[in-house]
Amino acid sequence: MSLIRVIDKISDWSGRIVCWLILPLVGSLTYEVFARYIFGAPTEWAYDVSYMLYGSSFMLGAGYALYRGAHIRTDMLYEKWSPQRQGAIDAACYLFLFFPAMLFLLWMGGQEAWHSWDIGERSDQSPWRPILYPFKAVIPMTALMLLMQGVSEFFKSMYAVRTGRLYAKREVIEI
């Protein structure tokens, strides 16, 4: 239980920090709109900054989204099952699907990020040619955050299997 609380606290803390990436994203896009349409002087850097900030906030927020139960799930059958059955299905899915996929993402993303840092990779998409290696390092960082939160979710599902109660009631988000 203490491991679950520690991991959940880290995921909550990291998600609250990552959400601040939205401010420079909005600021850079606002500046670009003013520069382009009011002053007739578009920037070279706005496109690169926007996709890097948006991509980073999306990726780095994935662990927080898993913690908050915000990932998509098909609930038409799941919500009718007992907590023990939900826990057993979740545990099996984490063990056989989630963890292998995240380990693969960590391994391959880590290799790509390492190579990018090693060669000092720059973007060829704009004349500004920003560095890409910090952006590519987001992929293995995301995999680590998801793996960490996945461990917490796996233990929560095992708790449900053992006790017949959910560890914590998730807020239901319906669209």
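Criteria and cut-off values
- Residues numbered from 1 in each chain as written.
- Predicted model: local features only at pLDDT ≥ 70, side-chain atom pairs only at ≥ 80, totals over all residues.
- Heavy atoms only, no water.
- Helix = DSSP H or I, 4+ residues; strand = E, 2+ residues; numbered from the N terminus.
- Expected span 1.5 Å × (residues − 1).
- Buried < 20%, exposed > 50% of the residue type's maximum accessible area, 1.4 Å probe, protein only.
- Arc of directions from axis to C-beta.
- Contact = heavy atoms within 4.5 Å.
- Polar contact = N/O pair within 3.5 Å; in protein donor to acceptor, adjacent residues only side chain to side chain.
- Salt bridge = Lys/Arg side-chain N within 4 Å of Asp/Glu carboxyl O.
- Phe/Tyr/Trp six-rings, centres within 6.5 Å; stacked < 30°, edge-to-face > 60°.
- Axes fitted to C-alpha atoms, helices over the stretch in contact; angles between N-to-C directions.
- Parallel < 35°, antiparallel > 145°, perpendicular 65-115°, else oblique.
- Left-handed = near helix turned anticlockwise from the far one by under 90°.

> Could you give an account of helix α1 (residues 2-18), with specific residues and numbers?
A rise of 1.5 Å per residue sets the reference length of α1, with its 17 residues, at 24 Å; its end C-alpha atoms lie 24 Å apart and thus fit the reference within 8%. Turning to α1, its buried residues are I4, I7, D8, S11, D12, S14, G15 and V18. In an axial view of α1, the angular spread of the buried residues amounts to 170°, which keeps them on one side of the axis. In α1, the exposed positions angled more than 90 degrees off the buried face are occupied by S2, K9 and W13. Looking at the buried positions of α1, the neighbouring elements they touch are α3 (46-60), α4 (62-68) and α8 (138-163).

> Any details on the side chain of S28? Residues and values, ideally.
Relative to the helices and strands, S28 is located in helix α2 (residues 22-38). Note on S28: relative accessible area 7%, which makes it buried. A polar contact is formed between the side chain of S28 and the backbone oxygen of L25, at a distance of 3.0 Å. Not counting chain neighbours up to four residues away, the residues in contact with S28 comprise W45 and V49.

> I'd like a rundown of the pattern of salt bridges, residues and numbers included.
By the definition in use, this model includes 7 salt bridges. Linking E32 and R36 is a salt bridge whose minimum nitrogen-to-oxygen distance equals 2.8 Å. Of the two residues, E32 and R36 both sit in helix α2, 4 residues apart, roughly one turn of that helix. The class for E32 is buried, based on a relative accessible area of 8%. As a salt-bridge pair, R129 and D124 come within 2.3 Å of each other at their nearest N and O atoms.

> Please set out the packing of aromatic side chains residue by residue, giving values where relevant.
One pass over the structure, following the stated rule, counts 13 aromatic pairs. Their ring planes at 75° and their centres at 5.7 Å tell us that Y51 and F135 sit as a pair that is edge-to-face. In this pair, Y51 sits in helix α3 while F135 sits in helix α7 (residues 133-136), placing the two residues 84 residues apart along the sequence. Each ring, one from F99 and one from F154, has its centre 6.1 Å from the other, and the planes form 65°; the classification is edge-to-face. A residue pair is termed long-range when its members are at least 10 positions apart, and F99 in helix α6 (residues 83-119) and F154 in helix α8 qualify at 55 residues. Each of the two residues, F99 as well as F154, counts as buried. Site record: aromatic cluster; members linked through ring pairs are Y94, F98, F99, F154 and F155.

> Give me the packing of α3 against α8: which residues, what numbers.
Where α3 meets α8, the closest approach of the two axes is 9 Å, and the angle between their N-to-C directions is 20°. Here α3 lies roughly parallel to α8, going by the angle between them. Both α3 and α8 take part in a crossing whose hand is right-handed. Together, S56, M59 and L60 of α3 and V138, I139, M141 and T142 of α8 make up the contact between the two elements.

Functional significance is not addressed by these values, which are geometric in nature.
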